[in-house]
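Chains, contacts and geometry: an overview
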Amino acid sequence: MAAGDVTFAYVDQDNLDFDPTNPRFSLGGAPSQAAIQALLEKEPHFAVELIPSFLENGYIDYEPLVVRKVDGGRYVVVEGNRRLAAIRHIMGKRAEYAAKSAEVADLDKIPVL
């Protein structure tokens, strides 16, 4: 596969990372994944607003995250940070949300390009 080839795959959400160099996060330095998660959940990003849709519909495969593969089988999200933050929020409270929706199991593996 050439460097510019694009492929569709399902990736375990635990292997996805926010890009700490993304200028939209405006946290300075190299923010942690937890700090980026917290930033995306509140104003102005409001990732938590996506949670009801995921609980009702699961993850819609035709809207994959756009990622860049890095070392160790990990991926950095280039496009779709709010969706990843919403998924992480749900998975962090998996038992609570699973009691409300069978769609939570759909969030273990996320479609990516």
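Report follows, based on the coordinates. This structure is a prediction, so every number in the text was calculated from the model and none was measured.

Before going further, it helps to spend a moment on a nonpolar patch on the surface. Together, Val6, Phe8, Tyr10, Val66, Val78 and Leu113 make up an exposed nonpolar region whose accessible area comes to about 530 Å². As for its placement among the helices and strands, Val78 is situated in strand β4 (residues 74–79). Classification of Val78 as partly exposed rests on a relative accessible area of 41%.

Put simply, the second largest pocket is a space of about 170 Å³. Forming the walls of the second largest pocket are Asn22, Arg24, Phe25, Leu40, His45, Leu50, Val78, Glu79, Gly80, Asn81, Arg82 and Arg83. Listing elements by their share of the lining of the second largest pocket, those giving two or more residues are β4 and α3 (81–92). A total of 3 residues in the lining of the second largest pocket trace back to one element, the largest contributor, which is α3.

The mixed open sheet is built from 3 strands, whose spatial order is β2-β4-β3. The sheet is open, and its two edges are formed by β2 (16–18) and β3 (66–70), each paired on a single side. Each adjacent strand pair in this sheet contributes to an overall mean axis angle of 40°, direction not counted. Across 3 bridges, β2 lies against β4 in parallel orientation. Each residue of the ladder has a partner; that of Phe18, found in β4, is Val77. Lying over the sheet, α3 contacts β2 and β4, oriented at roughly 115° with respect to β2.

The subject of this paragraph is the nonpolar core. Generally speaking, a soluble globular protein has its nonpolar side chains buried in company with each other. One finds Leu16, Leu65 and Ile90 to be the most contacted residues of the largest nonpolar core, which totals 27 residues. At the level of elements, β2, α1 (33–41), α2 (51–57), β4, α3 and β5 (109–112) are the ones that each hand at least two residues to this core. Take this core: its biggest share by element is 6 residues, from α3. Leu65 has contacts with Leu16, Tyr59, Val77, Glu79, Gly80, Arg83, Leu84, Ile110, Pro111, Val112 and Leu113, leaving out every residue within four places of it along the chain.

Attention now goes to the side chain of His89. Relative to the elements of secondary structure, His89 occurs in helix α3. Among the polar contacts listed, one links the side chain of His89 to the side chain of Glu41, at a separation of 3.1 Å. Non-local contacts of His89, meaning those with residues more than four positions away in its chain, are made with Gln37, Glu41, Val48, Ile51 and Tyr97.

Another aspect to go through is the pattern of salt bridges. Throughout the structure, instances matching the rule amount to 4 salt bridges. A salt bridge links Asp19 to Arg68; the nearest nitrogen and oxygen atoms lie 3.7 Å apart. Taken together, the positions of Asp19 in the loop between β2 and α1 and Arg68 in strand β3 put the pair 49 residues apart, joining distant regions of the chain. The class for Arg68 is partly exposed, based on a relative accessible area of 40%.

Another point: α1. Of the residues making up α1, those classed as buried are Ile36, Gln37, Leu39 and Leu40. Summarising the axial view, the buried residues of α1 lie within an arc of 165°, below the 170-degree limit, and thus occupy one face. Against β2 and α3 lie the buried residues of α1.

Conventions we followed
Residues numbered from 1 in each chain as written. Predicted model: local features only at pLDDT ≥ 70, side-chain atom pairs only at ≥ 80, totals over all residues. Heavy atoms only, no water. Patch = residues over 30% accessible without salt bridge, like charges linked within 9 Å, V, L, I, M, F, W, Y side chains within 5 Å. Areas by Shrake-Rupley, 256 points an atom, 1.4 Å probe, with all protein chains shown as cover. Salt bridge = Lys/Arg side-chain N within 4 Å of Asp/Glu carboxyl O. Helix = DSSP H or I, 4+ residues; strand = E, 2+ residues; numbered from the N terminus. Buried < 20%, exposed > 50% of the residue type's maximum accessible area, 1.4 Å probe, protein only. 1 Å grid on protein atoms, 1.4 Å probe; cavity = no way out; pocket = protein on both sides within 12 Å on 5 of 7 lines; lining within 4 Å. Points joined across faces, edges and corners; volume = space filled by probe spheres on them. Pairing = 2+ DSSP bridges. Axes fitted to C-alpha atoms, helices over the stretch in contact; angles between N-to-C directions. Contact = heavy atoms within 4.5 Å. Core = buried A, V, L, I, M, F, W, Y, C linked by side-chain atoms within 4.5 Å. Polar contact = N/O pair within 3.5 Å; in protein donor to acceptor, adjacent residues only side chain to side chain. Arc of directions from axis to C-beta.

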